[in-house]
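Residues per chain are reported as follows:
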Amino acid sequence: MRRPILVALCLSGAVALSACQKSPDAEVQRALKDVNVIDESNLSDIMLTVGDPNEAVAYFARTAEQNPDRIDLKRGLASSLIRAGRAPEAVVAWRQTVAHPQSNDEDRVALADALIRTNDWKAAEVELNQIPPTVETFERYRLEAMVADSNKQWKKADSFYEIAAGLTSKPAGVLNNWGFSKLTRGDAAGAEKLFTQALTYDPSRFTTKNNLVLARGAQRKYDLPVVKMSQAEKAELLYTLALAAIKQNDVSVGKQLLREAIETHPQHFEAAARSLAALEA
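Basis of the calculations
Residues numbered from 1 in each chain as written. Predicted model: local features only at pLDDT ≥ 70, side-chain atom pairs only at ≥ 80, totals over all residues. Heavy atoms only, no water. Core = buried A, V, L, I, M, F, W, Y, C linked by side-chain atoms within 4.5 Å. Buried < 20%, exposed > 50% of the residue type's maximum accessible area, 1.4 Å probe, protein only. Contact = heavy atoms within 4.5 Å. Salt bridge = Lys/Arg side-chain N within 4 Å of Asp/Glu carboxyl O. Helix = DSSP H or I, 4+ residues; strand = E, 2+ residues; numbered from the N terminus. Expected span 1.5 Å × (residues − 1). Arc of directions from axis to C-beta. Polar contact = N/O pair within 3.5 Å; in protein donor to acceptor, adjacent residues only side chain to side chain.

Participant: Can you lay out the nonpolar core for me, pointing to particular residues and giving the numbers?
Facilitator: In terms of nonpolar packing, the biggest core is built from 44 residues, with Phe60, Trp94, Leu143 and Tyr161 touching the most fellow members. Not counting residues up to four positions away in its chain, the partners in contact with Leu143 are Val109, Ala112, Asp113, Ile116 and Leu128. Within the second largest apolar cluster, 16 residues are counted, among which are Leu241, Leu258, Ala261 and Phe269.

Participant: Go over the pattern of salt bridges, please, and point to the residues and values.
Facilitator: Evaluation of the coordinates by the stated rule reveals 20 salt bridges. Measuring nitrogen to oxygen at the nearest pair gives 3.0 Å for the salt bridge that ties Glu192 to Arg216. With Glu192 in helix H10 (residues 188-201) and Arg216 in helix H11 (residues 206-218), the pair connects residues that are 24 residues apart, well separated along the chain. For the pair shown, Glu192 and Arg216 are each scored as buried. Between Glu192 and Lys221 there is a salt bridge whose closest N-O contact spans 3.0 Å. Of this pair, Glu192 sits in helix H10 while Lys221 sits in the loop between H11 and helix H12 (231-247), and the two are 29 residues apart along the sequence.

Participant: So what about helix H13 (residues 251-264)? Which residues, and what values?
Facilitator: With 14 residues, H13 extends 20 Å from end C-alpha to end C-alpha; this agrees with the ideal 20 Å at 1.5 Å per step. Listed as buried for H13 are Gly254, Leu257, Leu258, Ala261 and Thr264. Around the axis of H13, the buried residues are gathered within 130° of arc, so they sit on the same side. In H13, those exposed residues whose orientation departs by more than 90 degrees from the buried face are Ser252 and Glu263. Residues of H13 that are buried in the fold lie against H12 and helix H14 (270-280).

Participant: Residue-level account of the side chain of Glu233, with values.
Facilitator: Tracing the backbone through its elements, the reader meets Glu233 in helix H12. For Glu233, a relative accessible area of 18% corresponds to the buried category. Of note is the side chain of Glu233, whose polar atom sits 3.0 Å from the backbone nitrogen of Ser230. If sequence neighbours within four positions are ignored, Glu233 has contacts with Phe206, Lys209 and Lys228.

Participant: Tell me about H11, and please be specific about residues and values.
Facilitator: Relative to the 18 Å expected for 13 residues at 1.5 Å per residue, H11 spans 18 Å between its end C-alpha atoms, a close match to the ideal helical length. Turning to H11, its buried residues number three or more, namely Thr208, Lys209, Asn210, Asn211, Leu212, Val213, Ala215, Arg216 and Gly217. Buried residues belonging to H11 abut helix H9 (172-185), H10 and H12. Downstream of H11 by one or two residues, Arg220 has phi in the positive range, about 60°.

Participant: An account of the side chain of Thr264 is requested, with residue identities and associated values reported.
Facilitator: When you line up the elements, Thr264 lands in helix H13. Filtering out sequence-adjacent residues up to four positions away, Thr264 remains in contact with Gln231, Lys234, Ala235 and Leu238.

Written out as structure tokens, the structure reads:
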């Protein structure tokens, strides 16, 4: 009678031991899975910021194909395509992201951004109109301003630009865009103020410096603004100012500015020299 009981106890002990042996393995697998997720998340962050854009595209395309239900990988692919300058492909990727059950309003904003990059303004407007008015983000208002600009809805554009500028600590870009909008409307004085304001936030942005010179030239202000610039930048800005003067039939002023540009440039300034030779001929 004791022997069956002893066998039963041994068997139950073996089962218990087996269960104890399997438990650590399961814990290890779970731990490894967690570590892999963390490592993958870190790699994704690197790919989205400092990695080569095309390498990032390849990484997210491969990983998203292996994990088709993960929206973070779809977002990563779409964002990487934008960084790589492949906007038409990014539109497709963002549409797939927006169609995902876990998508949010920021995904639709990103889709609108990609559409604008492909010059599909109407489609971008459609996407923005689907976003609730309660979504008050810098990126949303920046795009709303650009779409209003494209529709020549100036009051609406001004309102959106102003809101966008107030929603970021780095408004140089949106102020530059707003200034360029004013310049294309013929409001050179208003554009000059916005370009000057933009440079207080980012004094290194050459595009804004050039736009500022264009705005001043449109008002026949043919002296350079007091902004930080290198010698090469000064020569380029003098050249821009010269072209603005010539465009307004102030040819003698334009010639003098071209000479200054040639003398200022640290190297041979081919474009300015060619323009001056054409005028003098």
